[in-house]
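The lines below spell out each chain.
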Amino acid sequence: MENKKITYIIPLHKEDEKVFRAIESVPEGADIIVSTTKDVEDWFCGKLEQDSKVMTVVNDKSTYPVLVNAGIEYSKKGECDLINILEYDDTILPNAHKIVSEYSTDWDDVEIYCPLACIVVEEDTTDKPTLVGISNEASMAPQMAEEFGYFDFNMMLKTNFIFLNGCYIKPSVFEDYGIIKENFDMFYDYEFLLRVVYNGGIIRSIPKATHFHAINEAGAFETQKALPKETRENWLGAARREYFFEDDREISFE
Amino acid sequence: MANISVKDLDGVIDRLEGGEYTNYFFLPDFEKESGGVKLAYDHVKCMNENGFNSVVIHQKEGFSPEWLKDYYPTDDEGNFENIPMMYLDSGNLPINIEDFFFIPEGFPNIMENLAKQNAPCKRIVFCQNWYYILNAMQPGQFWNHFGITDCMSVSQSQTDYIKMIMPQINCKQVYGQIPSDVFYPPEKMTDKKMQVAFIPSRDGGMKAYNVIKTFYAMFPHFRFIQFAEVKGLPRDDYAQLLRESAFFVHFDEVSSWGTAPIEAFLSKTLVAGWDGVGGREYMTTDNMWIVPNGDIIRLAMAIGNMIETFMTDEIGEEKYSAMEAACINYSAESELDSIITTHNEYRSERIVEIEKLREMVSNAVEETKESENGE
């Protein structure tokens, strides 16, 4: 089985040494695009080794969707089978490419592969940090769906926090269903995934872990928790607003 | 046997050498599916297909296990092909000195009755579960008290146990087979679900449920893992469940040799569990996550470790190779080899016994003649 060609997009909105740990964890042969801001560019490029193959794309804005979209846009310059959005403080597990290559070969019709993330505490810097959790909806959702393993629309409406980070996405997905909505402050990944399944895209879980996701202040979940409940509810409603119809809904004109 | 002549015994030896004798296998009248009964039926069928006349004996006249009709072809009258049946209650079993009578370990009453009736045949225990050997007997009672000297055992660890408690018994080992055309891996390993198949423990499932609850409490982040209970499923559905599950947990503390882990190995399903003593001949740390029998806490931890190892894709090929290697002894070929070897040995040993008896009778006749002439 041949390993798939994968491009990793790392959005970097602030100076943080952990990004180098993330870069180092990416298996050999993959492309890495760090999508960062003008403010962080000098610091990052200054620290980068001269012969580094990491590609850098620089943006005016520092919001997460903007950084991700810029990375996606830049990735078109290269050719790859799958795109992965990697948080700068996460790390890829050594067997990730083997796992993803195996599943994407066997399940070729799938457009987004959603593996499990091992949640670890940031302070745990050992080679094999203690597992404190598994990304929950990514693991629970496939059991709730009508067809085991697939993320169907009904299930997606019920579960509202499925990480886009860590998913392996075919580049054609962004052509077919669009990119991340930059006007969303939060739940942009939820809105994106809802949009994909609403329009018939196929998302399937991979019941194996491909990366460590560290719990710290940088995580979106932690950021969101700091916001007022009403704000969170409004954004969640906004993400769902356009997609409240089931795709198989029968319409009666009587 | 009191009035047997040398000529009669010559006939017995001829019939043994010519294969003109019958192996009777007594089996309980179980209405519900039983792995032990199935294994014995497989054994009888295999013997008949390979030149050893064999018959299944049930107690009640007309009894036939309905559930076995899913496994064996039947003729127009509903009789199993190559598995003739007779009944103890009919009272007219044609048992002769050259015949063999196999009795399950849990039926000392049958052993005792045959001893009381001076049944002329060779009586052998067909032992399928070490746990029932002494449970079924009175304290201090052993098989040799019923004139039994031989046992056919289905696992090495069970044989070791028998040698420890009844050193005077001769044991031979036969293998059962797990059909690899029923239990086989999925087309793609990526078809495996994060699902744990299990057969409830013998205590009505109490220990199994306790392990599962302990597992969920210890590993709350694995709450998405489903446990699928195998209960009353037809064999093909059970095989399908094993095939689609990534994991199997073996909750049997007192297994004969443990067929389910072999079925799981053939399905490329990872196994954690207890060895049940009977499984010690093939269950190792190389092919499964094994913990001491009955240890609920360590089994819960082993399940967590197994899932984590699978999830991070750290199961080496050597694990799957070890699982495959463990299945070799339980193939149809292995079953056939062990059955033919064992029953040929029984026949040879019986011929030696009859020859000794013939010599004794012959000597006794000579002595009688001499004493008559002396008078």
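Draft legend 1. Local environment of the overall build of chain B. Counting its regular elements, chain B contains 11 helices and 12 strands. The C-alpha extent of chain B, read off along each of the three principal axes, is 95 × 50 × 35 Å. The proportion of buried residues among the 375 residues of chain B is 39%. Taking contacts inside chain B between residues at least 6 apart in sequence as the whole, the part at least 24 apart equals 70%.

Draft legend 2. Just the domain arrangement of chain B, in detail. Residues and elements named next belong to chain B. Taken as a whole, chain B is organised into domain 1 (6–177 + 332–374) and domain 2 (189–327). Taken over C-alpha atoms, the centre of domain 1 sits 35 Å from the centre of domain 2. Contributions of two or more residues to the side of domain 1 that touches domain 2 are made by α2 (35–48) and α5 (156–165). With three residues, the single largest contributor to the side of domain 1 that touches domain 2 is α5.

Draft legend 3. Main features of unusual backbone geometry. All names here are of chain B. Although it is not a glycine, Lys 268 adopts a positive phi angle of roughly 55°. Of note, Lys 268 is situated in the loop between α8 (259–266) and β11 (270–273). For Val 277, which is not glycine, the phi torsion reads 70° and is therefore positive. Summarising the element assignment, Val 277 is placed in the loop between β11 and β12 (289–290). Judged by the 22 C-beta atoms lying within 10 Å of it, Val 277 falls in the buried class.

Draft legend 4. Seen up close, the interface of chain B and chain A. If you look at the interface, chain B gives 13 residues, while chain A gives 20 residues. Listing elements by their share of the side of chain B that touches chain A, those giving two or more residues are β8 (193–198) and α9 (296–311) of chain B. Among the residues forming the side of chain B that touches chain A, the class breakdown is four nonpolar, four polar and five charged.

Draft legend 5. The arrangement of the packing of helix α1 (residues 6–17) of chain B against helix α11 (residues 332–374) of chain B in detail. Residues and elements named next belong to chain B. For the pair α1 and α11, interaxial distance at closest approach is 9 Å and the crossing angle is 170°. Judged by the angle between their axes, α1 and α11 are roughly antiparallel. Facing α1, whose interface residues are Val 6, Leu 9, Asp 10, Val 12, Ile 13, Leu 16 and Glu 17, α11 presents Arg 347, Arg 350, Ile 351, Ile 354, Glu 355, Leu 357, Arg 358, Val 361, Ser 362 and Val 365. A breakdown of the residues in the contact of α1 with α11 according to their chemical character gives 10 nonpolar, one polar and six charged.

Draft legend 6. Just the sheet that holds strand β4 (residues 100–104) of chain B, in detail. All names here are of chain B. With parallel pairing, seven strands are arranged side by side in an open sheet as β3-β2-β1-β4-β5-β6-β7. Only two strands of the sheet have a single partner each, and these edge strands are β3 (85–87) and β7 (170–173). Across this sheet, the average inter-strand angle for adjacent strands is 30°, counted without regard to direction. Note: strand β1 (residues 23–26) against strand β2 (residues 54–58), four bridges, orientation parallel. Within β2, the residue paired with Tyr 24 across the bridge is Val 55.

Draft legend 7. Here's a closer look at α5(B). Buried within α5(B) we find Ser157(B), Gln158(B), Thr159(B), Tyr161(B) and Ile162(B). Elements that come into contact with the buried residues of α5(B) comprise β5 (122–127), β6 (150–153) and β7 of chain B.

Procedures and definitions
- Residues numbered from 1 in each chain as written.
- Chains lettered and ligands numbered in written order.
- Predicted model: local features only at pLDDT ≥ 70, side-chain atom pairs only at ≥ 80, totals over all residues.
- Helix = DSSP H or I, 4+ residues; strand = E, 2+ residues; numbered from the N terminus.
- Buried ≥ 20, exposed ≤ 12 C-beta atoms within 10 Å, placed from the backbone.
- Contact = placed C-beta atoms within 7 Å.
- Domains from an automatic or database assignment.
- Nonpolar A, V, L, I, M, F, W, Y, C, P; charged D, E, K, R; others polar.
- Axes fitted to C-alpha atoms, helices over the stretch in contact; angles between N-to-C directions.
- Parallel < 35°, antiparallel > 145°, perpendicular 65-115°, else oblique.
- Pairing = 2+ DSSP bridges.

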